[in-house]
Amino acid sequence: TQLLEQSPQFLSIQEGENLTVYCNSSSVFSSLQWYRQEPGEGPVLLVTVVTGGEVKKLKRLTFQFGDARKDSSLHITAAQPGDTGLYLCAGRANFGNEKLTFGTGTRLTIIP
Amino acid sequence: KAGVTQTPRYLIKTRGQQVTLSCSPISGHRSVSWYQQTPGQGLQFLFEYFSETQRNKGNFPGRFSGRQFSNSRSEMNVSTLELGDSALYLCASSPFDSGNTIYFGEGSWLTVV
């Protein structure tokens, strides 16, 4: 059973469009992280959200942590080809000494 | 500050052989974790170490093992390689025990033929 489900799994849109990807779970997380991974490279940390309802902005990227700390979303405004990559959410459930679990991933392609 | 360094970057092994992958964490980081990434299964947790102690272990067979040294460097070993072990093996480090924010290396690409 996958602890963190991401949707959509694949997304291909035109440059300049907006998009949202989702990370959902039935478990509560102390925090959630978002990573972006480009081909042949390791994932790179984008943001950590800690407080339920928290919203963080990173240029054209907006991250939100659900009020119940069970889900998160990533919204990209005016997507650019440089946004292309695999987006992964990750977190440790139940505030305990659980393993850090990664989501199923969203593979985003921005078409010039 | 240097990032997480993994060696080797690429390697090809034959079925039945064993392989050892190395990871040097970011200076000052005492936690190291390992992940296997494949197109079909995504990022799967292998194990996590803090101060030479294994803190967590994923659901992998006993052929997969790891260890951490006193200088926080870590190695993982896979014995009796199978074709299905072909994957990108990623190491990540964190300054904290069971830290939520981890920093990845570029990975070691293993191909088993």
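Keep in mind it's a predicted model, so treat the numbers as computed, not measured. (Residues numbered from 1 in each chain as written. Chains lettered and ligands numbered in written order. Predicted model: local features only at pLDDT ≥ 70, side-chain atom pairs only at ≥ 80, totals over all residues. Heavy atoms only, no water.)

### What about the sheet that holds strand 1 (residues 5-7) of chain A?
Residues and elements named next belong to chain A. Formally: For two strands to pair, DSSP has to find at least two bridges joining them. Each helix corresponds to a stretch of at least 4 residues labelled H or I by DSSP, and each strand to a stretch of at least 2 residues labelled E; elements are numbered beginning at the N terminus. Only C-alpha atoms enter the line fits that serve as axes; for helices the fit covers just the stretch in contact. Angles between N-to-C directions range over 0 to 180 degrees.
Read across the sheet, five strands follow the order 1-3-8-7-6 without closing on themselves; strand pairing throughout is antiparallel. Every interior strand has two partners, whereas the edge strands, strand 1 and strand 6 (55-58), have only one. On average, adjacent strands in this sheet sit at an angle of 15° to one another, irrespective of strand direction. The pairing of strand 1 with strand 3 (residues 19-24) spans three bridges and is antiparallel. Residue pairing for strand 3: Gln6 is matched across the bridge by Cys23.

### Digging into the packing of aromatic side chains
For clarity, the threshold we go by: Aromatic contacts are taken between Phe, Tyr and Trp rings whose centres are within 6.5 Å, Trp giving its six-membered ring; a plane angle under 30 degrees counts as stacked, one over 60 as edge-to-face, and the others as tilted.
This structure, assessed with the given rule, holds nine aromatic pairs over all chains. Between the aromatic rings of Trp34(A) and Phe63(A), the centroid separation amounts to 6.4 Å while the plane-to-plane angle is 50°, which identifies the pairing as tilted. Of this pair, Trp34(A) sits in strand 4 (residues 29-37) while Phe63(A) is found in strand 7 (residues 61-65), placing the two residues 29 residues apart along the sequence. What links up through ring pairs into an aromatic cluster is the set Tyr35(A), Phe102(A), Tyr35(B), Phe45(B) and Phe104(B).

### Concerning the interface of chain A and chain B
For the record, the criterion: Contacts between residues were defined by any pair of non-hydrogen atoms, one from each residue, lying within 4.5 Å. Once two parts are joined, some of their accessible surface, as seen by a 1.4 Å probe, is lost; buried area is that loss totalled over both. Definition used for salt bridges: Asp or Glu carboxyl oxygen within 4 Å of a side-chain nitrogen of Lys or Arg.
Every contact between the two is made by 19 residues of chain A and, on the other side, 21 residues of chain B. Around 1,600 Å² of area is buried between chain A and chain B when both sides are counted, 45% of it from carbon and sulfur atoms. Where chain A packs against chain B, one counts one salt bridge. A salt bridge links Glu48(B) to Arg92(A), with the shortest nitrogen-to-oxygen separation between them at 2.8 Å.

### A short note on the pattern of salt bridges
Note the cut-off: Here's how the labels work: a residue is buried when its accessible area is under 20% of the maximum for its type, exposed when over 50%, partly exposed in between, all with a 1.4 Å probe on protein chains only.
If you walk through the whole model with that rule in mind, you get eight salt bridges over all chains. Across the pair Lys56(A) and Glu54(A) runs a salt bridge, and its minimum N-O distance is 3.8 Å. Taking relative accessible area as the criterion, Lys56(A) reaches 31% and is therefore assigned partly exposed. Taking relative accessible area as the criterion, Glu54(A) reaches 18% and is therefore assigned buried. The shortest N-O distance in the salt bridge between Arg9(B) and Glu106(B) comes to 3.7 Å. Within this pair, whereas Arg9(B) is found in the loop between strand 1 (5-7) and strand 2 (10-13), its partner Glu106(B) is found in the loop between strand 10 (103-104) and strand 11 (108-112), the two being separated by 97 residues in sequence. Taking relative accessible area as the criterion, Arg9(B) reaches 23% and is therefore assigned partly exposed.

### A short note on the environment of Asn77(B)
All names here are of chain B. Stated formally: Two N or O atoms form a polar contact when they lie within 3.5 Å of each other; inside protein one atom must be a possible hydrogen donor and the other a possible acceptor, and for residues adjacent in sequence the pair counts only when both atoms belong to side chains.
Checked against the element boundaries, Asn77 lands in strand 8 (residues 74-78). Along the backbone, Asn77 and Gln18 are 59 residues apart, and their C-alpha atoms lie at a distance of 7.2 Å. Within the structure, the side chain of Asn77 is placed 2.9 Å from the side chain of Thr20, a separation counted as a polar contact.

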